[in-house]
Amino acid sequence: QMSNSSSISHFLLLPFPGTWQLQLLQFCLFLAIYLAALLGNSLIITTIVWDHHLHTPMYFFLMNLSLLDLGCISTTVPKSMINSLKDTRDISYVGCVLQLFFFTFLISAEYFLLTIMSYDRYVAICKPLHYETLLGGRACAHMAAAAWVCALLYALLHTANTFSLPLCQGNAVHQFFCEIPQILKLSCSTAYLRELWLIVLSVGLVFVCFVFIVVSYVQIFRTVLRMPSEQGLHKAFATCLPHLAVLSLFISTASFAYLKPPSISSPSLNMMVSVLYSVLPPAVNPLIYSLRNQELKAAL
């Protein structure tokens, strides 16, 4: 037990359960997923940068998403792989602060960006004649910048607030990386109430974005279903389905991770769920986008 956070020099991350052989298996699995994510996202970024046909708002946002995915998986997975190989659980105090900050920053920027992408899909399908005016180069740059800056401020607020709490429940984090809920569990019983206003703000933000996405897609489907030609219908679905699939994967796994009842909570289940929302999407997103997308396939 530690008396306060000033005396904590490092945290202990939750190791993957099992024998050395199982840990080696986890290392290989993580390495495969990590390399797949690196390769897939790097390919998408390079292709979009090099191919002039892909210099459109949709691909500009997709490139941003790939950058965020690369950052997100690089924040959590390499440290876990190194620990598996060394058979250790340690992460330094500064390392934990940085991991929590970058993870919060990248995951929230990704959510904001997915929200903007639903607006892009809405304009493309419901207001195709105004697409160039509403989503010019400058407008897109401003939107993407807004997503990054808001996420940066949000992560700074959360990180500063989380690590300013006195920690008196030891230094063992029940997760394979440092994340807010797990650090809050280490805080003294009443201290986490200070984080409450930020949690309320977070829920509000998430809800506003979610409503915006739902409204966008309701409009999109209403327009799509009124389309007379089958070709137009097919093109609209091909445009929206990848984004919808990525969005669903992201929201469902993150919601389950944060909203599941404590009664079904166990360290191994928590770990499985966190792998689902922090490790899987960055590796799967490039696949989802490139499988359905003829232009991207041709460019690749």
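Residues numbered from 1 in each chain as written. Predicted model: local features only at pLDDT ≥ 70, side-chain atom pairs only at ≥ 80, totals over all residues. Heavy atoms only, no water.

Identification of the protein as Olfactory receptor from Psilopogon haemacephalus is taken from an unreviewed UniProt entry. As recorded by UniProt, the Subcellular location (unreviewed entry) comment attached to the protein reads in full: "Cell membrane". Regarding the protein, the relevant UniProt record gives this comment under Function (unreviewed entry): "Odorant receptor." (UniProt positions renumbered as here; feature names shortened; annotations may be inferred.)

**Details of the overall build of the protein**
Per the secondary structure count, the protein includes eleven helices and two strands. Walking the protein from its N terminus toward its C terminus, one meets helices and strands in the order β-α-α-β-α-α-α-α-α-α-α-α-α. Projected onto the principal axes, the alpha-carbon positions of the protein cover approximately 65 × 45 × 35 Å. Residue burial in the protein is summarised as follows: out of 300 residues, 47% are buried. Restricting to contacts in the protein with at least 6 residues of sequence separation, those with at least 24 account for 77%. For the protein, the computed accessible surface area is about 14900 Å², with 72% contributed by carbon and sulfur atoms. Measuring between centres, the 14 positive side-chain charges of the protein sit 5 Å from its 11 negative side-chain charges. (Helix = DSSP H or I, 4+ residues; strand = E, 2+ residues; numbered from the N terminus. Buried < 20%, exposed > 50% of the residue type's maximum accessible area, 1.4 Å probe, protein only. Contact = heavy atoms within 4.5 Å. Areas by Shrake-Rupley, 256 points an atom, 1.4 Å probe, with all protein chains shown as cover. Lys, Arg positive; Asp, Glu negative; His and termini not counted. Charge placed at Lys NZ, Arg CZ, Asp CG, Glu CD.)

**Some remarks on the nonpolar core**
If you look at soluble globular proteins, the nonpolar side chains tend to sit buried side by side. Residues Phe30, Ile48, Phe61, Leu62, Leu65, Phe176 and Val279 are the most contacted members of the largest nonpolar core, which totals 69 residues. Setting aside residues up to four positions removed in sequence, Phe61 forms contacts with Leu113, Ile116, Met117, Asp120, Leu135, Cys140, Met143 and Ala144. Ranked by size, the runner-up nonpolar core spans 15 residues in total, among them Ile8, Cys96, Leu184 and Leu186. (Core = buried A, V, L, I, M, F, W, Y, C linked by side-chain atoms within 4.5 Å.)

**Examining the packing of aromatic side chains**
For the coordinates displayed, the defined rule picks out 15 aromatic pairs. Centroid distance Phe101 to Phe105: 6.2 Å. Interplanar angle 10°. Geometry classified as stacked. Taken together, the positions of Phe101 and Phe105, both in helix α3 (residues 93-126) and four residues apart, correspond to about one turn of that helix. Each member of the pair, Phe101 together with Phe105, is buried. Taken together, the aromatic side chains of Phe30, Phe103, Phe176, Phe177 and Tyr277 make up a single cluster linked through ring pairs. (Phe/Tyr/Trp six-rings, centres within 6.5 Å; stacked < 30°, edge-to-face > 60°.)

**Looking at the state of the cysteines**
This model, assessed by the stated rule, comprises one disulfide. Linked covalently through their sulfurs, Cys96 and Cys178 form a disulfide whose S-S length is 2.0 Å. Handedness of the Cys96-Cys178 disulfide follows from its S-S torsion of about -115°: it is left-handed. Of the two residues, Cys96 is situated in helix α3 and Cys178 in the loop between α5 (137-164) and α6 (180-184); the sequence distance between them amounts to 82 residues. A single burial state applies to Cys96 and to Cys178, both of which are buried. Not part of a disulfide, Cys140 finds its nearest cysteine sulfur in Cys240, a span of 16 Å. What makes Cys140 buried here is its relative accessible area of 3%. (Disulfide = S-S within 2.5 Å.)

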